[in-house]
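# Understanding the architecture of this molecule
What follows is the residue order along each chain.
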Amino acid sequence: MNKLLIACDLDGTLLNDKKKFGLFTKLYFRKLERQGHVIIFSSGRSPRTAMEHRNAIKLHGPMVLFNGNLIINPDDETFPKDRVLWDYKRLKKIFKKLYGEKRIDACMCENDTTFFTFHPENFRFSVEVGDKRERKNGRMDEILDADVYNFVLFSKNNSKENRIYVKNYVEKNYPDIVFDFWGDENQFYASILHKGRNKKTAVDYVRKVFNISEDDTYVFGDSSNDVQQVTGFKNGYAMINAFPVLKNVAKNITKKDNNHNGVAHEIRHIIKTKYSH
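This report concerns the structure included in the present document. Small disclaimer: the values here were computed from a predicted structure and weren't measured.

Cut-offs used in this document
Residues numbered from 1 in each chain as written. Predicted model: local features only at pLDDT ≥ 70, side-chain atom pairs only at ≥ 80, totals over all residues. Heavy atoms only, no water. Helix = DSSP H or I, 4+ residues; strand = E, 2+ residues; numbered from the N terminus. Rg over C-alpha atoms; globule rule 2.2 N^0.38 Å. Buried < 20%, exposed > 50% of the residue type's maximum accessible area, 1.4 Å probe, protein only. Core = buried A, V, L, I, M, F, W, Y, C linked by side-chain atoms within 4.5 Å. Contact = heavy atoms within 4.5 Å. Axes fitted to C-alpha atoms, helices over the stretch in contact; angles between N-to-C directions. Left-handed = near helix turned anticlockwise from the far one by under 90°.

Below, the discussion takes up the overall build of the protein. Scanning the protein from N- to C-terminus turns up 11 helices and 14 strands. In summary, the protein has a C-alpha radius of gyration of 19 Å against a globular reference of 19 Å for 277 residues, a match within 12%. Summarising its shape, the C-alpha atoms of the protein cover approximately 65 × 40 × 35 Å along the three principal directions. For the protein, the residues scored as buried account for 52% of the 277 residues in total.

Listed below in structure tokens is the structure:
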């Protein structure tokens, strides 16, 4: 059969709610990789937080990280790494404006050598994962001194007015930036994304490296940062547990959720019905 490219978001998609892989997912995906198919993570996560899951499932394909800003394969030095970084001088201006007007309360960003945080207690999901990079804590307009892969803002004010203000200020003054918000009713996180650079463009880059057709490319996600990749490919799937912002625009929906090996079951069904002749 044809070689498949299977690109999966992690949280809410390939991982269950306990941040683990189901046993069926582990065994079935290892089998698919042994058969020659390419399975990749396509995530907003950083390399260090994605690697623990890569090691757990024991796969060896490329990883799309930071929502498409970094594409690497730690197991293959010949893989053509691709990356894009944010100009730190612009980020300092954004932070100074929004923090000065009390629109945000905390911030984090990182590159290959340094992890920058302001009020790191708001980023325990990332900060507490150990690595050997230098840590710099403080106001971003004072400590940020190098280009970075990501820039995540945090605010305790999740009012519609505040989100609109933050979004409009940044996107009006920096037209190459778009926002991805997440959080709960009491607070928000916001990642800045490159307009025209996202998970979809990154998965397409990997697809071309392996010379796999779009017809044989399958993409899965659950959240707003998956919209471009799920809608950008014919075989894009929203998880049945996905947020409405994605489910409402997806062409395809998985039959099972992330707590019941939804992606693995969907791929097995696709292979049986489309490729087993």
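Next comes the rest of the description.
Let us look at the nonpolar core. Across soluble globular proteins, nonpolar side chains show a tendency to be buried alongside one another. Counting 36 residues, the largest nonpolar core has Ile6, Phe29 and Ile267 as the members making the most contacts within it. The element best represented in this core is helix α11 (residues 262–275), accounting for 6 residues. Excluding residues that lie within four positions of it along the chain, Phe29 makes contacts with Ile6, Cys8, Leu14, Ile39, Ile57, Leu59, Val263 and Ala264. Residues Ile104, Phe116, Ile143 and Leu153 belong to the second largest nonpolar core, which totals 25 residues.

Another point: the packing of helix α4 (residues 88–100) against helix α7 (residues 160–173). At their nearest, the axes of α4 and α7 sit 11 Å apart, and the two run at 145 degrees to each other. As for how α4 packs across α7, the hand of that crossing is right-handed. Where α4 abuts α7, its residues Lys93, Ile94, Lys97 and Leu98 lie against Tyr165, Val166, Tyr169 and Val170.

Treat this as a map of the structure, not an account of what it does.
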